[in-house]
Amino acid sequence: MGIPRPASAAVAALAGALLLVAAPANALTGASGRDSPHPVRDGGGRDTEAAGAPLAATTHALTARAPELGKDRGYPRRTTLTVPPVNPADKSIKLGLAPYHSLAPRLNALQRLGDRVSVEVAGRSAGGHELYLVTVTAPESAAQAREQERMRERIENEPAAAAGDRRIKAAYKTPVFINNNIHGNEWEGTDAALKLIEDLAKAKDARTAALLGTSRVHLNVTANPDGRIAGTRANANGFDLNRDFITATQPEARAIRRIAIDKQPAVMLDLHGYVNGTLIEPTTPPHGENYEYDLFLKNAYANALGMEKAVNGLGYTPDKDGVRPAVIPFRDEQEGWDDWPPVFTPQYMPFQGAVASHTIEFPMAVNNSAYTTLPVDELRRRAAVNTAVAGAAMRATLDYTYTHRTSVIADQIETFRRGAAGEAQRPVSAETVPGVPGIGPEDVYTTTFPRAYVIPAGRGQRSATAAARLVDHLVANDVRVERARTGFSLAGRRYAAGSYIVDMRQPKRGLANVILDAGRDISADVSTMYDISGWSLGLLWGARVDRADSGTPRVPTRTVHAASATGYVAPFGDLRLRLDDPKELAALNSLLAQGVRVRRAADGSAVVPGSARGAARVLADRLGVAFPATRAEGTTALRRTKVAAAVTSGELFALREMGFDVAPVTTATLNAGFDWSGFGALYVSSGLDHAGLGAQARSALDAFLTGGEGRVVALGEQGAAFNTAAGLLKVTPVAGNGDANGVVRVVNPPGARITAGSLPHTFVYAPRWFTGLGAGVRVEQSYAAGNPLVAGHWRANEDGTGGPSAAAGKASVVSGVSRAGASVVLFGTEPLFRAHPKGVFAQIGRALVG
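Each residue is numbered by its place in its chain's sequence as written, counting from 1. In keeping with the model being predicted, local features are shown solely for residues with a pLDDT of at least 70 and side-chain atom pairs are shown and tallied solely at 80 or more, while totals for entire chains, interfaces and linings include all residues. With hydrogens and water excluded, all non-hydrogen atoms of the structure serve as input to the side-chain values.

Undergrad: Which parts of the structure should I look at to understand the overall build of the protein chain?
TA: Numbering of helices and strands runs from the N terminus; a helix is a DSSP stretch of H or I covering at least four residues, while a strand is a stretch of E covering at least two. Scanning the protein chain for helices and strands turns up 28 helices and 35 strands. In this treatment the radius of gyration is a C-alpha quantity, and the globule benchmark scales as 2.2 Å times the residue count to the 0.38 power. Expected size for 850 residues packed as a compact globule is a radius of gyration near 29 Å; at 27 Å, the protein chain falls within 12% of this value. Only protein chains enter the accessibility calculation, which uses a 1.4 Å probe. A residue is then buried if its area is under 20% of the maximum for its type, exposed if over 50%, and partly exposed in between. Counting every position in the protein chain, which comprises 850 residues, the buried fraction comes to 61%. Residue-level accessible areas treat just the shown protein chains as cover; the underlying method is Shrake-Rupley with a 1.4 Å probe. Accessible area of the protein chain: about 29,400 Å², with a carbon and sulfur share of 52%. Once the 92 positive and 81 negative side-chain charges of the protein chain are each reduced to a mean point, those two points are 7 Å apart. For this count, His and the chain ends are skipped, Lys and Arg are scored as positive, and Asp and Glu as negative. To locate a charge, the coordinates of NZ of Lys, CZ of Arg, CG of Asp or CD of Glu are taken.

Undergrad: Would you take a moment to explain the pairing of strand 33 (residues 789-793) for this structure?
TA: In regular strands, side chains alternate between the two faces of the sheet. Of all the 5 residues making up strand 33, 4 are buried; the element is thus mostly covered by neighbouring parts of the structure. Here strand 29 (residues 741-747) runs beside strand 33; their pairing, made up of 4 bridges, is antiparallel. Looking across to strand 33, one finds that V744 is bridged to L789. Here, strands pair whenever DSSP counts at least two bridges between them.

Undergrad: Would you mind showing me how to read unusual backbone geometry here?
TA: Across the chain, the bulk of peptide bonds are trans and the bulk of non-glycine residues have phi less than zero. The step from Y75 to P76 runs through a cis peptide bond, and the omega angle for that step is 10 degrees. Following the sequence through the fold, P76 ends up in the loop between helix 2 (55-63) and helix 3 (100-111). Residue P286 is reached from P285 by a cis peptide bond, and omega for that bond is 0 degrees. The topology assignment puts P286 in strand 7 (residues 284-287). Phi at D478 is positive, roughly 70 degrees, even though this residue is not glycine. Inspection of the secondary structure puts D478 in the loop between helix 18 (464-476) and strand 11 (482-484). In this structure D478 comes out as partly exposed when scored by relative accessible area, which is 23%. The backbone of A835 shows a phi angle near 70 degrees, a positive value even though the residue is not glycine. Mapped onto the elements of the fold, A835 is located in the loop between strand 35 (823-827) and helix 28 (841-849). Assessed through its relative accessible area of 7%, A835 is described here as buried.

Undergrad: How should the sheet that holds strand 22 (residues 629-630) be read in this particular structure?
TA: What links the strands of a sheet is backbone hydrogen bonding, and the strands pair in either a parallel or an antiparallel sense. Strand order in this open sheet of 5 strands is 22-18-20-19-23, and the pairing throughout is antiparallel. The open sheet is flanked by strand 22 and strand 23 (636-637), the only strands paired with a single partner. Of the pairings in the sheet, the one linking strand 19 (residues 599-600) to strand 23 comprises 2 bridges and is antiparallel in character. By the bridge assignment, R600 is partnered in strand 23 with T636.

Undergrad: Is there a simple way to explain the pattern of salt bridges in this structure?
TA: Opposite charge on two side chains lets them pair, provided their charged atoms get close. We define a salt bridge as a side-chain nitrogen of Lys or Arg found within 4 Å of a carboxyl oxygen belonging to Asp or Glu. One pass over the structure, following the stated rule, counts 49 salt bridges. Residues D531 and R834 are paired through a salt bridge, measuring 2.8 Å at the closest nitrogen-oxygen approach. Here D531 is found in the loop between helix 19 (509-516) and helix 20 (537-540), whereas its partner R834 is found in the loop between strand 35 and helix 28, with 303 residues between them in sequence. Judged by its relative accessible area of 1%, D531 is buried. Note on R834: relative accessible area 8%, which makes it buried. Through salt bridges that share partners, E292, D294, E414, R417, R418, E423, R426 and R509 make up one connected network.

Undergrad: Got a minute to help me understand the sheet that holds strand 4 (residues 215-220) in this structure?
TA: Ordered in space as 1-2-4-3-5-9-6, the 7 strands form an open sheet in which the pairing is mixed. Two strands in the sheet have a free side with no partner beyond their single neighbour: strand 1 (117-124) and strand 6 (279-280). One ladder, built from 7 bridges, connects strand 5 (residues 267-273) with strand 9 (residues 356-362); its direction is parallel. The residue bridging L271 from the neighbouring strand is I360, located in strand 9. It only takes one pair of heavy atoms within 4.5 Å for two residues to be counted as in contact. Think of each axis as a best-fit line through the C-alpha atoms, taken over the contacting stretch in the case of a helix, with angles from 0 to 180 degrees between the N-to-C directions. Packing of helix 8 (residues 206-214) onto the sheet brings it into contact with strand 2 (130-136), strand 3 (174-180) and strand 4, and relative to strand 4 it is tilted by some 85 degrees.

Undergrad: I'm lost on the nonpolar core in this one. Help?
TA: When a protein is soluble and globular, its nonpolar side chains tend to lie buried together. L107 and L470 are the most contacted members of the largest nonpolar core, which has 141 residues in total. In terms of residue count, helix 16 (residues 376-403) provides more of this core than any other element does, 11 residues in total. Dropping the residues within four chain positions of it, L107 is found in contact with L81, V119, Y132, V134, L194, I197 and V221. Here, nonpolar core refers to any group of buried Ala, Val, Leu, Ile, Met, Phe, Trp, Tyr and Cys residues whose side-chain atoms link them within 4.5 Å. Membership of the second largest hydrophobic core comes to 50 residues, among which are A587, L592, A606 and A842.

Undergrad: It is not clear to me how the environment of T666 should be interpreted in this structure. Could you clarify?
TA: Along the chain, T666 falls in the loop between strand 25 (661-664) and helix 24 (667-671). Spatially, the C-alpha atom of T666 lies 5.1 Å from that of G687, the residues being 21 residues apart in sequence.

Undergrad: Looking at this structure, how should I read the packing of aromatic side chains?
TA: The rule is short: rings of Phe, Tyr and Trp, with Trp giving its six-membered ring, pair when the centres are within 6.5 Å, and they are stacked under 30 degrees, edge-to-face over 60, tilted in between. According to the stated counting rule, one finds 23 aromatic pairs in the structure shown. Ring geometry for W187 and Y371: centres 5.7 Å apart, planes at 25 degrees, overall stacked. Remark: Y371 occurs in helix 15 (residues 368-373) and W187 occurs in the loop between strand 3 and helix 7 (188-202); sequence separation between them is 184 residues. Under the relative-accessibility criterion, W187 is labelled buried at 1%. Ring centres of Y291 and F296 lie 6.1 Å apart, and the angle between their planes is 15 degrees; this geometry places the pair in the stacked category.

Undergrad: How should the side chain of T447 be read in this particular structure?
TA: Its place among the elements puts T447 in the loop between helix 17 (405-421) and strand 10 (452-455). Using a relative accessible area of 18% as the deciding quantity, one classes T447 as buried. Aside from chain neighbours lying at most four places away, what touches T447 is E289, N290, Q425 and N513.

Undergrad: Would you take a moment to explain the environment of L682 for this structure?
TA: Examined against the element boundaries, L682 turns out to sit in strand 26 (residues 681-684). Considered as a pair, L682 and Y500 are 182 residues apart in the sequence and their alpha carbons are 40 Å apart. Apart from residues no more than four positions distant in its own chain, L682 is found in contact with A644, V665, W676, L688, L701, F704, R711, V712, V713 and F722.

Undergrad: Just checking my understanding: could you explain the side chain of S649 for this structure?
TA: Counting through the fold element by element, S649 comes out in helix 23 (residues 649-657). Take S649: its relative accessible area is 10%, and that puts it in the buried class. Residues contacting S649, with those up to four places away along its chain left out, are E49, A51, N237, G238 and F239.

Undergrad: What am I meant to see in helix 4 (residues 142-157) here?
TA: Note that an α-helix has 3.6 residues per turn; residues three or four places apart therefore point the same way. Take the residue count of a helix, subtract one, and multiply by 1.5 Å to get its expected span. Here helix 4 is 16 residues long and its end C-alpha atoms lie 22 Å apart, about the 22 Å a rise of 1.5 Å per residue gives. Every buried residue belonging to helix 4 is among A145, Q148, E149, M151, R152, I155 and E156, and all of these are buried. The arc that holds every buried residue of helix 4, seen down its axis, measures 160 degrees, which confines them to one face. Of the surrounding elements, those touching the buried residues of helix 4 are helix 5 (159-162), helix 6 (166-171), strand 4, helix 10 (251-263) and helix 17. In this description, the arc belongs to the directions extending from the helix axis to the C-beta atoms.

Undergrad: What am I meant to see in the packing of helix 7 against helix 16 here?
TA: Pairs of packed helices are described in terms of their axes, by the angle between the two and the distance that separates them. Where helix 7 meets helix 16, the closest approach of the two axes is 8 Å, and the angle between their N-to-C directions is 55 degrees. Our classification of the angle between helix 7 and helix 16 gives oblique. In terms of crossing hand, the pair formed by helix 7 and helix 16 is right-handed. Taken together, the residues of helix 16 that come into contact with helix 7 (itself represented by E188, G189, D191, A192, A193, L196, D199 and L200) are A383, N386, T387, A390, G391, M394, R395 and L398. Working rule for angles: under 35 degrees goes down as roughly parallel, over 145 as roughly antiparallel, 65 to 115 as roughly perpendicular, anything else as oblique. In this scheme the crossing of two helices becomes right-handed for a clockwise turn of the near helix relative to the far one and left-handed for an anticlockwise turn of less than a right angle.

Coordinates in, geometry out; function isn't part of it.
This is the structure in structure tokens:
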């Protein structure tokens, strides 16, 4: 299959597990059945898989919006699903599991079994496949459904009153959400869900009737149909969807977010594989500091015990079946399986009201090498075991929710009440969470919430475009945002009318804080982390965000449902376009694709001729970027950059979001005979080994690098190795701790070509820096002095090297011209990491534009 032909920049721009490696069945060591003191990582760390997603998937991910699910319609809500064509290549078939094309007809049939089963289409995947949300509950008239919605809204918006509402205690149906197959090659949750739906639809016993009369069971049948079909962990864009919270770049993640907001589940399961024995959260420390963790641990641990009993009660044994007893990390492990970052689905759900949410890992590996090497009969035996385990966990969770429905809803109400009242968190202890053994000081993670955050308007804001993006993201996550009608003062600062206020006395304050707060350095708290340890959309999305720890924002406001328009085009003269934001790069690339003659100004911005005012107005309207008037003439003509990119899936997605014409490449691509004509830049971070290139491929690459026309942007370990092997810039790359990651302080020197106007923070994973700079190599950015880490986990290596103090003051980004004449930029940071540092995307964009 050839490289897909990119759409225009305008189209692209305007489109604007926890998987652990199971030990062999005969490797039975240790109390928990594992050889190591913490789980073996798979999927944690810097994303390194080379990207090759089709442009269509990127465009769909940028444009797709999850529908608001029906709130006023009664149940059942029957939907006749369109049946997709039979796909004999679906990887589920080999395992004896349900291929995606079989789901629609089965769900259509299940809806006909009675009046308990409803199906709605919750959205479409990046690959265009429908996402099926099934609700199983006792029938409700439209009036009864409206009453349920009224009670749900009261729980969130009037929690103090809801706590004493007898109607809620008597009649509110507890929402339970079961999310399946978010990692596409962890299949069996889908099949267990289908069996559960059928069993609940057919059951005649009184307990099932009582369960469905007091609960709504919502099941996302497959959260990742792209990966289910292809047998891949990721979706069609190459994204690990269980790392896409809290940025929600992919349509599947946005669909789950919509379910969380609309259904407000009190209890949630996320079904995964494969850890032997079955792993059942809650987790080891560190625990997310923005949770009401005492309420969460109370329910999550009790439900885990019930699931453990149900799973072990299936009767599988190590000797007979190769299945070890279940493991609860909070009880059985010291560290390494944490709930610190909100990037995982179960770690996002508490911010939307879940008082118990769990990752469940099935025991028997059937993916990756097992899928290709084991006999079909063994694979199907294992898949049947996993399906039974998933079903047992689901059933136990429904039993827990039914038995404890009054206290579960009371705890959800209390979560929201504390936020609305601005009360302090309760640290976990034997007194605050009675009945949970082993609670110690290592489990106590709390924070002090500010009184408010302010996102300034006018001259106080670095980027109105970035501010609007952040505000829209907050609103999309159901965080309450107000806009000041007049100017006001808060915490000693003066703000203009139109500034945005996030009053932290709101039910979902934890979610607001997890998005906006700077975060915390937890390097001294634990020795190892499962995935990222630091993030901050408040620091890294490009907007100025002020924290007010005291004082009340006393100002007339209006509720924000969408950020106010930020686009502007000056009525006369030539126009200036800053290149500090990814949307500004998208606007530039769109103009260049339309043939507009744009020139680079001395300050790094772009000068757009007044004759292109019409095109600028379209982009200002659709992208929210500003085109003020300028008298600058510009020094260098800018040309549309076609990029050959050996990058990760996340980087490819970000490049296309900025409107670049990108062709993914690898070592194999170049060796197969790559035509470099028309390409202006090569970006290398993953999948390109210079030593692996054949003679012809290397000769073609050398020709591209010769003559001053080609540009190279290189990042990370592979980028640094490529620079050395290709003999580009004379520098010595120094590797920091490979597990280190988080938000760091940086210094952007005056007049820097790549980082001019950039934020004073960026993101790192396995950070690098550069020493021994040769003649002509320019420092574009340096790590700040002292300890540059603001939030995350960065320790020195065991030999004392690679720590933050070693990086302090060293060059993090350098540029120069190679002896062959190629313009080169080397990054030791991660400006495109999973959309977390969106405010520094433009550093890569500027480097590619030239």
